[in-house]
Amino acid sequence: MYLPGPPPLPPPGTIPPRPIIIRLDPATAQRMDMLRSVSLIKFLRDARVVPSEEEEQRRERVVSELEKIVMDWAKRVAFDQGEQHWITTGTVLTFGSYALGVYGPESDIDAVCVGPCIASLQHHFFVVLRQMLEARPEVSDLHSIESARVPLMRFKFNGVPVDFPYVQLPVINAAEAIHAFDPRLLEKVDGASWRCLSGVRVNREIMQFVPNMKKFQVLLRCLKLWARRRGIHCHLVGFFAGIHLAVLGAYVCCRHPNASVNALLSLFFEIFSHWPWPLPVSLHDQTPLWSPDGCSLMPIVMPCFPPEFCASSVTKSTFKKIEDELRRGFALTKDIRNIDIDWSWIFAPYPYGARYEHFLHIVLSAPTTEELRDWVGWVKSRFRNLILKLESLNVGCDPDPSEQVDHTIAEPNVVFLWGLMYRNTQICTSSLKKDFMKSVINNIYGKEKCAHSDITMSIVSTPQPLKSLPDQSVHSQKLLNLPSLMLGFRQMNLGYQPMKQDCNAVG
């Protein structure tokens, strides 16, 4: 266990010794807090999660160029239809980590294309605008995802990845209307457009709620780095999405407006390692009337009106890992007297190879790199069904979100390795794949992709750690001296045991 239980009761008739309480004077406590905050900020810089000034300017230029392209596109659509092109406008809104100011050097830009009522999604966005983008030399790796819950184009602009969904407003002057953000206008958009605007609305509300934006940004950078390093930052496999961490971080900042960044991080782990789930986390103390599938274990409310739950794919297995990581973070940060805290322990990569004996080995392959990109995105959007199927077989699953490549396979491919925990259960991988493929090819888009792509599954043993730290490094030596519970080796309390060697089942 991460946290020890209560001490045993003394024998009857004995007088227990009084606890020794060490009180720090306010000046000393404040100095310790300041030193830890400074070291934490330095750690983030050394970890290169803070972009350089050049990177910031590069992204600003990308957004500016996209705004010009969308404006030209809106006027072209109006001119082709004989509409008043001089008053027809379109624009771009950003949201997510970029809009909150917490993006990293490798982060993408979440940007919404906002168009007028005369610009349709299927033709004007996915055909006309796509052709305009393809004609630009700055644009590469462009592909459309038309059958997603939120249809979008995905591409790179001057090397910066961009996710680009579309919002169609019921007005001709879309740029002026969206900047006014009139709730009565937003109520008239279709469902897909409403979902696209959720991220924009949430960002605006968070920035209004948070008392100190700079502290919030540092905290959120810490949470994103911690979640990525510990393997719990991918909502498609049942872990956190960026919006979840943003709301949880804002919750801590709002309730402790005067806390330092060091204290905010400690308070985050303290609050949510003891949170009485499934009580929803809400910034405005309002809860939606209904909860969609996947939100019942760890409900987090988006700070917008009307209140909505953040989309979530959390399952029994992933919920337990998130809980374990929160407890681990609390155990490592609760001692505020420790000035010489080594932040690398808290942000240590999760030791999958040492943690699990057997893995579900998933290989996705396709004839071309572009087809593989579409195929991987589509299959990942169905991964929750595979996790639920494993859990129905009494198999605990820790889906590592990272993607690897098997260079022994000729075709372009992506490999996933998921840690498994179970006892006396035979896993037939052919049956598992057959059942999972039902959710993959449940529509025309999936059947079309599957016709040219492939997926294979097998149970493998990996004696070497999948994510090992550099050998003979000072960092790895420090980690070797830590108790196993600090590294996350504790068996998740799911009632499963690591599989024995002779339990492997092949399909």
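Residues numbered from 1 in each chain as written. Predicted model: local features only at pLDDT ≥ 70, side-chain atom pairs only at ≥ 80, totals over all residues. Heavy atoms only, no water.

Right, let's talk about the pattern of salt bridges for a bit. If you walk through the whole model with that rule in mind, you get 18 salt bridges. When the shortest N-O distance is used, the salt bridge between Glu 138 and Arg 136 registers 3.0 Å. Among the residues examined, Arg 136 registers a relative accessible area of 24% and is labelled partly exposed. Between Glu 308 and Arg 201 there is a salt bridge, with the nearest N and O atoms lying 3.2 Å from each other. Here Glu 308, found in strand 7 (residues 308-309), pairs with Arg 201, found in helix 7 (residues 191-209); they are 107 residues apart in sequence, far enough to count as distant. Relative accessible area serves as the criterion here: at 6%, Arg 201 is assigned to the buried category. Overlapping salt bridges bring together Glu 65, Lys 68, Arg 136 and Glu 138 as one network. (Salt bridge = Lys/Arg side-chain N within 4 Å of Asp/Glu carboxyl O. Buried < 20%, exposed > 50% of the residue type's maximum accessible area, 1.4 Å probe, protein only. Helix = DSSP H or I, 4+ residues; strand = E, 2+ residues; numbered from the N terminus.)

Further remarks concern the packing of aromatic side chains. A complete count under the given rule lists 22 aromatic pairs for this structure. Measuring from centroid to centroid gives 5.0 Å for Phe 125 and Phe 126, while their planes differ by 75 degrees, and the two rings are edge-to-face. Accessibility expressed as a relative area gives 0% for Phe 125, which makes it buried. Given a relative accessible area of 4%, Phe 126 falls into the buried group. For the ring pair Trp 275 and Trp 277, a centre distance of 6.0 Å and an interplane angle of 50 degrees mean the geometry is tilted. Accessibility assignment for this pair places Trp 275 and Trp 277 in one class, buried. Counting every residue linked through ring pairs, the aromatic cluster contains Trp 226, Phe 240, Tyr 251, Phe 268, Phe 269, Phe 272, Trp 275 and Trp 277. (Phe/Tyr/Trp six-rings, centres within 6.5 Å; stacked < 30°, edge-to-face > 60°.)

We now examine helix 15 (residues 383-392). For helix 15, the full list of buried residues reads Phe 383, Arg 384, Leu 386, Ile 387, Leu 390 and Glu 391. Projection of helix 15 onto a plane perpendicular to its axis shows the buried side chains occupying an angular sector of 160 degrees, all on one side. The first or second residue beyond helix 15 is Asn 394, which carries a positive phi of 65 degrees. (Arc of directions from axis to C-beta.)

Ordered in space as 9-10-8-11, the 4 strands form an open sheet in which the pairing is antiparallel. The sheet is open, and its two edges are formed by strand 9 (396-399) and strand 11 (454-461), each paired on a single side. For this sheet the average axis-to-axis angle between neighbouring strands, irrespective of direction, equals 25 degrees. The sheet contact formed by strand 8 (residues 358-365) and strand 11 spans 8 bridges and is antiparallel. Bridging from a neighbouring strand, His 358 pairs with Ser 461 of strand 11. Lying on the sheet, helix 16 (residues 429-440) is in contact with strand 8 and strand 11; it crosses strand 11 at an angle near 145 degrees. (Pairing = 2+ DSSP bridges. Axes fitted to C-alpha atoms, helices over the stretch in contact; angles between N-to-C directions. Contact = heavy atoms within 4.5 Å.)

Another point: the environment of Gly 96. Along the chain, the position of Gly 96 falls in helix 3 (residues 96-100). With 13 residues separating them along the chain, Gly 96 and Ile 109 place their C-alpha atoms 7.8 Å apart. Here Gly 96 is in contact with Asp 110 and Asn 203, once residues within four sequence places are set aside.

Below, the discussion takes up the pairing of strand 5 (residues 160-168). The buried fraction of strand 5 is high, at 7 of 9 residues. The sheet contact formed by strand 2 (residues 109-115) and strand 5 spans 5 bridges and is parallel. Following the sheet pairing, Cys 113 is matched in strand 5 by Tyr 166. Between strand 4 (residues 152-157) and the antiparallel strand that follows it, strand 5, lie 2 residues; Asn 158 among them carries a positive phi value of about 55 degrees.

Two elements in contact, helix 10 (residues 261-273) and helix 11 (residues 316-333), have axes whose closest approach is 8 Å; the angle formed by their N-to-C orientations is 135 degrees. As the angle between them shows, helix 10 and helix 11 are arranged oblique. By crossing handedness, the relation of helix 10 to helix 11 is classed as left-handed. Facing helix 10, whose interface residues are Ser 266, Phe 268, Phe 269, Glu 270, Phe 272 and Ser 273, helix 11 presents Glu 325, Leu 326, Arg 327, Gly 329, Phe 330 and Thr 333. (Parallel < 35°, antiparallel > 145°, perpendicular 65-115°, else oblique. Left-handed = near helix turned anticlockwise from the far one by under 90°.)

Turning next to helix 1 (residues 26-46). Along its 21 residues, helix 1 runs 30 Å from first to last C-alpha, staying within 8% of the 30 Å computed at 1.5 Å per residue. On its buried face, helix 1 sits against helix 8 (213-229), helix 10, helix 11 and helix 12 (343-346). Of the residues one or two after helix 1, Arg 48 is the one with positive phi, at around 60 degrees. (Expected span 1.5 Å × (residues − 1).)

It is worth spelling out the side chain of Thr 318 at this point. When you line up the elements, Thr 318 lands in helix 11. For Thr 318, a relative accessible area of 0% corresponds to the buried category. Of note is the side chain of Thr 318, whose polar atom sits 2.8 Å from the backbone nitrogen of Thr 315. Apart from the residues within four sequence positions on either side, Thr 318 is in contact with Val 237, Gly 238, Phe 239 and Pro 399. (Polar contact = N/O pair within 3.5 Å; in protein donor to acceptor, adjacent residues only side chain to side chain.)

Another aspect to go through is the confidence of the model for the chain. Chain-level pLDDT for the chain is 84 on average; 83% of the residues reach the 70-or-more range. By mean pLDDT, the top-scoring element of the chain is helix 8 (97), and the lowest-scoring one is helix 18 (residues 474-480) (34). Within the model, the stretch residues 1-7 combines pLDDT values under 50 with 12 contacts to residues more than four positions away or in other chains. Low pLDDT (under 50) marks residues 463-507, which in the prediction has 103 contacts with non-local residues, meaning those over four places away or in another chain. (pLDDT = per-residue confidence, 0-100.)

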